[in-house]
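# Topology and contacts: notes
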Amino acid sequence: MKKLINSPETVVTEALEGVAAAHPSLSVDVENKVIVRVGGPTPGKVGLVSGGGSGHEPLHGGFVGYGMLDAACPGEVFTSPVPDQMLAATKAVDGGAGVLHIVKNYTGDVMNFKLAAELAEDEGVQVESVLTNDDVAVEDSLYTAGRRGVGVTVLVEKIAGARAEAGGSLAEVAAVARKVNERGRSFGVALTSCATPAAGSPTFEIGADEMEFGVGIHGEPGRRREKVRPAAEIVAEMTEAIVGDLDPAPGTPLLAFVNGLGGTPLIELYVVYNELTRQLADRGLEATRSLVGNYITSLEMAGVSITVLALDDELTALWDAPVHTPGLRWGV
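Cut-off values and rules
- Residues numbered from 1 in each chain as written.
- Predicted model: local features only at pLDDT ≥ 70, side-chain atom pairs only at ≥ 80, totals over all residues.
- Heavy atoms only, no water.
- Helix = DSSP H or I, 4+ residues; strand = E, 2+ residues; numbered from the N terminus.
- Contact = heavy atoms within 4.5 Å.
- Salt bridge = Lys/Arg side-chain N within 4 Å of Asp/Glu carboxyl O.
- Buried < 20%, exposed > 50% of the residue type's maximum accessible area, 1.4 Å probe, protein only.
- Expected span 1.5 Å × (residues − 1).
- Pairing = 2+ DSSP bridges.
- Axes fitted to C-alpha atoms, helices over the stretch in contact; angles between N-to-C directions.
- Polar contact = N/O pair within 3.5 Å; in protein donor to acceptor, adjacent residues only side chain to side chain.
- Core = buried A, V, L, I, M, F, W, Y, C linked by side-chain atoms within 4.5 Å.
- Phe/Tyr/Trp six-rings, centres within 6.5 Å; stacked < 30°, edge-to-face > 60°.
- Lys NZ or Arg CZ within 6 Å of the ring centre and 35° of its normal.

## Some details on the environment of leucine 155
Looking at the secondary structure, you find leucine 155 in helix H4 (residues 152-165). Through-space distance from the C-alpha of leucine 155 to that of asparagine 274 is 21 Å; in sequence the pair is 119 residues apart. Ignoring anything within four residues of it in the chain, the contact list for leucine 155 reads Val180, Leu255, Phe257, Thr307, Leu309 and Trp319.

Below you can see the structure in the form of structure tokens.
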């Protein structure tokens, strides 16, 4: 498979150099793979740190900035960052009010963030950790025990980030992050595989007329492999899986997030969003907030994930609050 890279060994560091060149609001330590806001920590503000394997851009580095993360730690492609990265990021964003780690539920991320938190606390930095595990497709996968952390991660970073900007304490920021995770559910479908730069070939084989129903963001198997169906049928089953698990009361306002996995045209994402709103309306539900685009990708995988978050007044206000990052911005 063809890729616009110089070599698999340098793709992450060269991409980070590109991030630094493109976004002067970010300070990028290319050697240690840590991205932080320019200007250092804000005294008295809770710092937010997340991270994970590269290949999911703009997650997480694209969400460093006002109203979201203070730092991100990119690992190698589809590989967890190491504890030293996370420790350096944690110390770099500590403004005296503590640091929140936002961790997707993958074994490497969980283990390494846990160790980094322990090391940071040994150095006097108070750390809280919040785990995202919103994927209702499967209970266990190749990379994790329990549900995978997927689309809701972006929503946690945005909403908790807004709470931190508003002066929330570490306990308050962690509480709203957990609230978002508890009130959000996701489901993904892949039409093609992706290919990591190191492998240079598809991660899994899938027929031209097949799809992976319930796929993970690393290409982990889903619920089943089946023939591609019309979007209306696919979205109906995805919506049933999400809403059936979340079980929001009729009239509950929702945030509907349709996410491309890297290789899906935007026109198709809007077809999916249209079908999603119809499915929600049939259940007496309405999306009062929306997000459509490529925010958690899997390299060039063609596919889509849907995330639904049950809103309340607090979460709606925090979602609407200003944000200014490379990957998400409004209100400023």
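## Thoughts on unusual backbone geometry
For the bond running from glutamate 57 to proline 58, omega is 15 degrees, close enough to zero to count as cis. Of note, proline 58 is situated in the loop between strand E3 (47-54) and strand E4 (71-77). In this chain, leucine 59 is followed by histidine 60 through a cis amide linkage whose omega measures -5 degrees.

## Focus on the pattern of salt bridges
In the structure shown here, the tally under the stated rule is 25 salt bridges. Notably, a salt bridge pairs lysine 179 with glutamate 314, separated by 2.6 Å at the nearest N-O pair. In this pair, lysine 179 is assigned in helix H5 (residues 170-182) and glutamate 314 in helix H8 (residues 313-320), connecting sequence segments 135 residues apart. Classification of glutamate 314 as partly exposed rests on a relative accessible area of 36%.

## Structural notes on helix H6 (residues 231-246)
Structural remark: α-helix, 3.6 residues per turn; residues separated by three or four positions point the same way. Over its 16 residues, H6 extends 22 Å from the first C-alpha to the last, a length consistent with the 22 Å expected when each residue adds 1.5 Å. Those residues of H6 that sit buried are Ile234, Val235, Met238, Thr239, Ala241, Ile242, Val243 and Leu246. For H6, the secondary structure elements touched by its buried residues are H5, strand E7 (184-190), strand E8 (210-213), helix H7 (266-282) and strand E12 (303-310). Looking one or two places after H6, you find aspartate 247, whose phi comes out positive at around 55 degrees.

## Remarks on the sheet that holds strand E11 (residues 286-293)
Here we have six strands laid out as an open sheet, ordered E9-E8-E7-E12-E10-E11, and mixed in their pairing. In this open sheet, the two edge strands, each paired with only one partner strand, are strand E9 (224-227) and E11. Strand-to-strand, the axes of this sheet are offset by a mean angle of 20 degrees, without reference to chain direction. Strand direction decides the pairing type here: strand E10 (residues 253-260) and E12, joined by seven bridges, are antiparallel. Bridge pairing in E12 places leucine 255 opposite leucine 309. Along the sheet, H5 contacts E7 and E12; its crossing angle with E7, the most-contacted strand, is approximately 55 degrees. Along the sheet, H6 contacts E7, E8, E9 and E12; its crossing angle with E7, the most-contacted strand, is approximately 155 degrees.

## Description of the pairing of E12
Every regular strand shows the same layout, with side chains that alternate between the two sheet faces. With eight of its eight residues buried, E12 lies for the most part within the structure. Residue alternation in E12 divides its side chains into two sets, Gly303, Ser305, Thr307 and Leu309 and Val304, Ile306, Val308 and Ala310, and both sets are buried. Judged from the seven bridges that link them, E7 and E12 form a sheet pairing that is antiparallel. Counted as the bridge partner of serine 186 is threonine 307 from E12.

## With respect to the side chain of asparagine 181
For asparagine 181, the position within the fold is in helix H5. At a separation of 3.3 Å, a polar atom in the side chain of asparagine 181 contacts the main-chain carbonyl oxygen of leucine 131. Ignoring anything within four residues of it in the chain, the contact list for asparagine 181 reads Leu131, Thr132, Asn133, Asp134, Val152 and Val156.

## Focus: H5
Between its first and last C-alpha atoms H5 spans 18 Å; for 13 residues at 1.5 Å apiece the expected length is 18 Å, and the two agree. Here H5 has its buried residues at Leu170, Val173, Ala174, Val176, Ala177, Lys179, Val180 and Asn181.

## Things to note about the nonpolar core
Ranked by internal contacts, the top residues of the largest apolar core, which has 58 residues, are Val46, Leu48, Phe63, Leu100, Leu155, Ile159 and Val180. Elements with a contribution of two residues or more to this core: helix H1 (11-22), strand E1 (26-29), E4, strand E5 (99-104), H4, H5, E10 and H8. Top element by residues in this core is H4. It accounts for eight residues. The contact partners of isoleucine 159, leaving out residues within four places of it in the chain, are Val176, Val180, Leu309, Leu315, Leu318 and Trp319. Ala137, Met238, Val243 and Leu269 belong to the second-largest nonpolar core, a separate cluster that totals 28 residues.

## Regarding the packing of aromatic side chains
Summed over all chains, the structure comprises four aromatic pairs. Taking 5.2 Å as the distance between ring centres and 55 degrees as the angle between the ring planes, the aromatic pair formed by tryptophan 319 and tryptophan 330 counts as tilted. With tryptophan 319 in helix H8 and tryptophan 330 in strand E14 (residues 329-330), the pair connects residues that are eleven residues apart, well separated along the chain. Taken together, the ring pairs in this structure connect Phe63, Phe257 and Tyr295 into an aromatic cluster. Over the aromatic face of phenylalanine 213 sits the side chain of arginine 229, whose NZ or CZ is 5.9 Å from the ring centroid.

That is the geometry; function is a separate question.
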